[in-house]
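Breakdown of the fold
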Amino acid sequence: MYDKVRLWKRWEEGEDFAALPTYLDEAKEQIDHNSGEVRYLGSLKGVRVAIYPNGLSLEGSLPKFMYGGNNIYPLDRHTTQEAFASLGDALHMDIISAKVTGLEFGCNFVMEHPPREYLQRLGDMPRRQRYSFCNDTIYYRRKGANQPDTMTFYDKIEDAKAKGMKPPKMLENAYILRSEIRFKGNLCKMLNQPQITALTLSEKPFYKDLLKRFVEAYMSIRKLPRLCPEYVSLIQSPKDAQEAFFAMIMAKQGTAIDDVNNFVQSLQDAHTFQQRKDYSRLREMLQRVMTKAKMRSDDPLISELDDCFLNLQVNAS
């Protein structure tokens, strides 16, 4: 479930870090001409390393570090502990006390259909803005410049190919949907923890709490099931017919939720309404048409994705 992490380790009294640059795959010395401070920048099997007079910064994908540059297989709390032990051995120091300042937590789901078909069924998320890029990626971000956490969904195989990674042969033709939450900023405040260190990530209570947050975030997303084939027989009034017509048009548009959001945003930009709540009401009205219960059928793709998330908690260890 863990992928990219960012760590900071402050040097303790008497700790010797002079030999650290020699352990890196490559290291460059940099000198701050104003302060005279010397630092070393390098990498270790894909993990970026920065050595300062007062501490050590590490940033990178733990699965890539463990599995030779491939992050198709994320790490659970047990293999995460192994990854930190291996990273510490490579640096010849103990890093489990290092503070976690950034974290990606998520899962790769092997699906029955192409990922974009599931993304088309994901609507808005409470207190977040939905952003769609092409047909293969969705971001859910909080409003404002500060983005302490972001939830995202994307086609993992296409992402891997775009980054020059070769998927394992057994998975190169699979449909893999990746979902993750990216945390940054004050993690202790966000996750209600007194401190979060590399060791914390392998502790069961913390791992299960992250898993619970991850599943709850997904379940809060409004789902957009497909139009019921028998919708005509359900029409009993002109209003039903009007709603059925709009629902039908929206169902044909894979980016219907984006069309709704873009339309409402254009009205906001034009200052159409005097009260801000009217934009939210309009968005809710349009989305209600998209998800009108009697015009929609049970969607097997939504059920499949729901099961993927719910099974995470059942199988957690």
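Let us look at the structure shown here.

What counts and what doesn't
Residues numbered from 1 in each chain as written. Predicted model: local features only at pLDDT ≥ 70, side-chain atom pairs only at ≥ 80, totals over all residues. Heavy atoms only, no water. Disulfide = S-S within 2.5 Å. Buried < 20%, exposed > 50% of the residue type's maximum accessible area, 1.4 Å probe, protein only. Salt bridge = Lys/Arg side-chain N within 4 Å of Asp/Glu carboxyl O. Helix = DSSP H or I, 4+ residues; strand = E, 2+ residues; numbered from the N terminus. Expected span 1.5 Å × (residues − 1). Contact = heavy atoms within 4.5 Å. Patch = residues over 30% accessible without salt bridge, like charges linked within 9 Å, V, L, I, M, F, W, Y side chains within 5 Å. Areas by Shrake-Rupley, 256 points an atom, 1.4 Å probe, with all protein chains shown as cover. Pairing = 2+ DSSP bridges. Axes fitted to C-alpha atoms, helices over the stretch in contact; angles between N-to-C directions.

Moving on, we come to the state of the cysteines. Summed over all chains, the structure comprises zero disulfides. Distance from the sulfur of C107, which forms no disulfide, to the nearest cysteine sulfur (C308) is 8.1 Å. By relative accessible area, which is 18% here, C308 ends up buried.

Time to look at the pattern of salt bridges. Per the counting criterion, the structure on display carries 15 salt bridges. The salt bridge involving D149 is made with R142; its shortest N-O contact spans 2.7 Å. By relative accessible area, which is 7% here, D149 ends up buried. The shortest N-O distance in the salt bridge between R213 and D209 comes to 2.9 Å. Of this pair, R213 and D209 both sit in helix α6 (residues 204–219), four residues apart, which is roughly one turn of the helix. Overall, the relative accessible area of 29% leaves R213 in the partly exposed class. The exposure class of D209 is partly exposed, given its relative accessible area of 25%. Salt bridges here are not isolated pairs; linked through shared partners, they connect K4, R6, R48 and E59.

Take α6 next. The end-to-end C-alpha distance of α6, which contains 16 residues, comes to 22 Å, matching closely the 22 Å that a straight helix rising 1.5 Å per residue would cover. Tucked into the core, α6 has its buried residues touching β1 (2–10), α2 (77–91), β6 (99–111), β9 (149–155), β10 (175–184) and α10 (300–314).

Turning next to a nonpolar patch on the surface. A cluster of nonpolar residues, Y67, Y73 and M170, forms a patch on the protein surface that exposes about 350 Å² of accessible area. Structurally, M170 can be placed in the loop between α4 (156–162) and β10. On the basis of relative accessible area, M170 is assigned to the exposed category, the value being 69%.

All right, on to the pairing of strand β4 (residues 47–52) then. Of the pairings in the sheet, the one linking strand β3 (residues 38–44) to β4 comprises five bridges and is antiparallel in character. What sits directly across from Y40, in β4, is I51. Taken together, the five bridges between β4 and strand β5 (residues 55–61) define a ladder with antiparallel strand orientation. In the sheet register, R48 faces β5, and the bridge partner there is E59.

Judged by pairing direction, the sheet is antiparallel, and its ten strands sit side by side in the order β2-β3-β4-β5-β1-β6-β10-β9-β8-β7 without closing on themselves. Sheet topology places β2 (26–31) and β7 (129–133) at the edges, where each strand pairs with a single neighbour. Between one strand and the next, the sheet's axes are offset by a mean angle of 15°, whatever the strand orientation. Bridge count between β2 and β3: six bridges; the pairing is antiparallel. Directly across from E29, in β3, lies its bridge partner Y40. Here α2 sits on the sheet and contacts β1, β3 and β5; the angle it forms with β1, its principal contact strand, is near 45°. Contacting β6, β9 and β10, α10 crosses the sheet at an angle of about 135° to β6.

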